[in-house]
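Structural features, examined
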Amino acid sequence: MATPALLGPVGERVPDVERIAVLRANALGDFIFLLPALESLRAAYPGAEIVLLGAPWHAKLWRDRPGPVDRVLVVPPAPGIREPGPDETPSRIDDFLERAGKERFDLALQLHGGGANSNPVVSRLGARVTAGLRAEDAPPLDRWIRYVYYQHEVIRYLEAVALVGAPAVTIIPALAVTDTDRAEAREVLGEPDRPRVALHPGATDTRRRWPAERFAEVARELHGDGYEVLVTGTPAERELVDAVVAAAGVPVRPQVGTLSLGGLAAAYAGCELVVSNDTGPLHLAGAVGTATVGVYWLGNLINGATPLRARHRPIASWTTRCPVCGVDCTPGIYPHRPGDGDCPHRDSFVADVPTVEVLEAATELLGR
C-alpha cells in the first residue's frame, strides 16, 4: 500500500502524538471487540490522550472507569454512524466536526466499519494522520487496510491499529469492574446465598435468538443443581424474559432494566456462568472474566466467538437456509456462488441447537 513519503512506511509509529481520536459509535458487543486494539494504542502511545468518538452510553460507561479510554466525545446520530437514542436532542454532524476539529488530533482512527460513511467523518477531523478500515465503496484514509466481512472482529481492529505502529499486546477483551458497579449490583441483587448463574435470552437481531423454552429448560436444570438463576434483558426484551421465567416453572430472578451497564457488568462478574445468545451481554460477561456458553449462528461464530476454551464454549448452528422459506442466505456474502440470496424473514437461525449441548457445556464449565 503506497503512502505519502512524509508519513513514512505503514506500520511506523507517528511521532509527537498527543491526542488520538478513535471512531467506534455502535453497540455494546462491537465496543467490547475493540478493547484489545485500544490497549495496543495505549501501549504504543503511553503519553497520548485516547478520545473515543462514541454514543451517549459510552460516555456513561467510561465515567471514572480505569482503562484505555481517557475521554468520550459523543458523536451525533448520522447515517452509517449511529441511530438516535430515545429522547435524544438532535445535533448536526457538521457542528460536531467543527468542534472536534479544535481538539487538534494527531491521529484519527476509523474502527467503526467499512468506511463508506465513517471515513469521510474521520477525514474531516483534521488529524495529521488518518488510519483504519476501508471497504471497496469507501474513500481511502492515509493508512488503511481492506475491510473484509468474514474476519474476527478483535483481529480486524488489531490489524488496523498496527498501521500506526501499535502491535497487539493482547487478544482478550477486558473491562474493569469498579466499586461503584459492585455497589449497584449488590443493592439491586443483594448478597447471594448460593452460586449465581445468568441467562440472557435476547438479541436485537431475532435470527440470533435461541428459543425461550430452551433457555427455560436450562434455567430449570441449573436451579435444580442449586444455582440462583438470573434472567437478564433490556426493557425491549421484557416480554421475552417473562416467557423464559414462565416456562421455567421454578423460582428465577428476572432483571429487566434494573441495572445500569456497569451494574450489569458487576452482576455478571459475580456469576459462575452466563448463558446467552450472541449479543452484547455475552461479550460483556467474557470481558469481566466470567465463564460463558454462547449460542451462535455459524457466520457470527467466525466474526465474534472467542477462540479461548478454558472458560468459554461457543456452540454453533450450521443453518444456512431460512427456516421459513428455505432461501440460502449465504450468497449475499458470496455473490458468485449459486443460491438465492437474502430473504425478509427474521425467524431464528439457531433453533437447531439442542438444549443438551448447552447443558453439557454449562455443566463442564461449572464443574471445572
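These numbers were taken from a predicted model, which means no experiment stands behind them.

Definitions and cut-offs
- Position numbers for residues start from 1 in each chain and track the written sequence from start to end.
- It should be noted that, the model being predicted, local features are given only for residues of pLDDT at least 70 and side-chain atom pairs only at 80 or more, the latter also being counted only at that level, while totals for whole chains, interfaces and linings use all residues.
- Side-chain descriptors were evaluated using all non-hydrogen atoms of the structure, hydrogens and water having been removed beforehand.
- Each helix corresponds to a stretch of at least 4 residues labelled H or I by DSSP, and each strand to a stretch of at least 2 residues labelled E; elements are numbered beginning at the N terminus.
- Relative accessible area decides the class of each residue, using a 1.4 Å probe on protein chains only: under 20% of the type maximum gives buried, over 50% gives exposed, and in between gives partly exposed.
- Residue contacts are defined here by distance: any two heavy atoms, one from each residue, within 4.5 Å place the two residues in contact.
- Throughout, the Shrake-Rupley method with a 1.4 Å probe supplies accessible areas, and for residues the shown protein chains are the sole cover considered.
- We score Asp and Glu as negative and Lys and Arg as positive, and we do not count His or the chain ends.
- Throughout, a charge is located at the NZ atom of Lys, the CZ atom of Arg, the CG atom of Asp or the CD atom of Glu.
- When a carboxyl oxygen of Asp or Glu is within 4 Å of a side-chain nitrogen of Lys or Arg, the pair counts as a salt bridge.
- Crossover handedness is defined here as right-handed if the route from the first strand over the helix to the second strand goes clockwise, with the strands pointing away from the viewer.
- Strands were regarded as paired on the criterion that DSSP finds at least two bridges between them.
- Throughout, nonpolar core names a set of buried Ala, Val, Leu, Ile, Met, Phe, Trp, Tyr and Cys residues whose side chains join them through atoms within 4.5 Å.
- Think of each axis as a best-fit line through the C-alpha atoms, taken over the contacting stretch in the case of a helix, with angles from 0 to 180 degrees between the N-to-C directions.
- Handedness of a crossing is defined here by the sense of rotation of the near helix relative to the far one, left-handed for an anticlockwise turn of less than a right angle and right-handed for a clockwise turn.
- Each residue gets one of three labels, nonpolar for Ala, Val, Leu, Ile, Met, Phe, Trp, Tyr, Cys and Pro, charged for Asp, Glu, Lys and Arg, and polar for the others, Gly among them.
- An angle counts as roughly parallel when it lies under 35 degrees, as roughly antiparallel when it exceeds 145, as roughly perpendicular when it falls between 65 and 115, and as oblique in every other case.

Re the overall build of the protein
In terms of regular secondary structure, the protein is built from 12 helices and 12 strands. Its C-alpha atoms give the protein principal-axis dimensions of roughly 65 × 55 × 40 Å. Here the protein holds 368 residues, and the buried ones make up 52% of them. Contacts in the protein between residues at least 24 apart in sequence constitute 60% of all its contacts with a sequence separation of at least 6. Carbon and sulfur atoms make up 52% of the accessible area of the protein, which amounts to about 16500 Å² in all. Both charge centroids of the protein, one from 37 positive and one from 46 negative side chains, sit 4 Å from each other.

Here's the deal with the environment of Leu 111
In this structure, Leu 111 sits in the loop between β4 (107–110) and α4 (118–123). When the C-alpha atoms of Leu 111 and Ile 315 are compared, they prove to be 27 Å apart, with 204 residues separating the residues in sequence.

Points about the pattern of salt bridges
Within this structure, the stated rule accounts for 21 salt bridges. We note a salt bridge from Asp 70 to Arg 42, for which the minimum N-O separation is 2.6 Å. You can see Asp 70 sitting in the loop between α2 (56–61) and β3 (71–74) and its partner Arg 42 sitting in helix α1 (residues 28–44), a full 28 residues away along the chain. Each of Arg 19, Glu 49, Arg 71 and Glu 103 takes part in salt bridges that share partners, so that together they form one network.

Things to note about the pairing of strand β1 (residues 19–23)
In terms of residue burial, β1 counts as a mostly covered element, since four of its five residues are buried. Of the crossover connections in this fold, the one passing from β1 over α1 to the parallel strand β2 (residues 49–54) is right-handed. Here four bridges tie β1 to β4, and the two strands are oriented parallel to one another. Opposite Val 22, over in β4, you have Leu 109 as the bridge partner.

With respect to the nonpolar core
Nonpolar side chains tend to gather and get buried jointly when the protein is soluble and globular. If you look at the biggest cluster of nonpolar residues, it comprises 55 residues, and the most contacted ones within it are Ile 20, Val 22, Leu 34, Leu 38, Leu 41, Tyr 45 and Leu 109. Looking at this core, the element that brings in the most residues is α1, giving 10 residues. Discounting residues that sit within four places of it in the chain, Val 22 has contacts with Leu 34, Leu 38, Leu 41, Ile 50, Val 51, Leu 52, Leu 53, Leu 109 and Leu 111. In this structure, Tyr 227, Ala 248, Ala 291 and Trp 297 belong to the second largest nonpolar core, which totals 38 residues.

With respect to the environment of Cys 329
With respect to the helices and strands, the residue Cys 329 is situated in the loop between β12 (312–317) and α12 (355–366). Separated by 10 residues in the primary sequence, Cys 329 and Gly 339 have C-alpha atoms spaced 7.7 Å apart. Excluding residues that lie within four positions of it along the chain, Cys 329 makes contacts with Thr 320, Cys 322, Gly 341, Cys 343 and Phe 349.

Notes on helix α5 (residues 153–162)
Most of α5 sits out of view: seven of its 10 residues are buried. Along α5, the positions that sit buried rather than exposed are Glu 153, Val 154, Arg 156, Tyr 157, Leu 158, Ala 160 and Val 161. Against α1, β4, β5 (129–134), β6 (143–146) and α11 (298–304) lie the buried residues of α5.

Focus: the side chain of Arg 82
In this fold, Arg 82 is placed in the loop between β3 and α3 (93–101). Overall, Arg 82 belongs to the buried group, its relative accessible area being 9%. Contacts of Arg 82, omitting those with residues within four sequence positions, involve Ala 25, Gly 54, Ala 55, Pro 56, Val 74, Val 75, Pro 76, Pro 77 and Glu 88.

Here we look at the sheet that holds β5
Strand order across the open sheet formed by six strands is β3-β2-β1-β4-β5-β6, with parallel pairing between neighbours. Since the sheet does not close on itself, it has two edges, and those belong to β3 and β6, each with one partner. Neighbouring strand axes in the sheet, compared pairwise and without regard to direction, differ in orientation by 15° on average. With respect to the sheet, α1 is in contact with β1, β2 and β4, its orientation differing from that of β2 by roughly 160°.

Observations concerning the packing of helix α7 (residues 212–224) against α12
Running from N to C, α7 and α12 point in directions that differ by 35°, and their axes come no closer than 10 Å. Of the two possible hands of crossing, α7 and α12 adopt the one that is right-handed. Contacts from Arg 214, Glu 217, Val 218, Glu 221 and Leu 222 in α7 reach Thr 355, Val 358, Leu 359 and Leu 366 in α12. By residue class, the composition of the contact of α7 with α12 is five nonpolar, one polar and three charged.

Things to note about the packing of α7 against helix α8 (residues 238–248)
Two numbers describe how α7 lies on α8: the axes approach to 8 Å, and their chain directions differ by 50°. Comparing their axes, α8 and α7 come out oblique. For the pair α7 and α8, the sense of crossing is right-handed. Residues Ala 212, Phe 215, Ala 216, Ala 219 and Arg 220 of α7 pack against Leu 240, Ala 243, Val 244, Ala 247 and Ala 248 of α8. Classifying every residue of the contact of α7 with α8 by side-chain character gives nine nonpolar, no polar and one charged.

Limitation: the analysis is restricted to geometry and does not speak to function.
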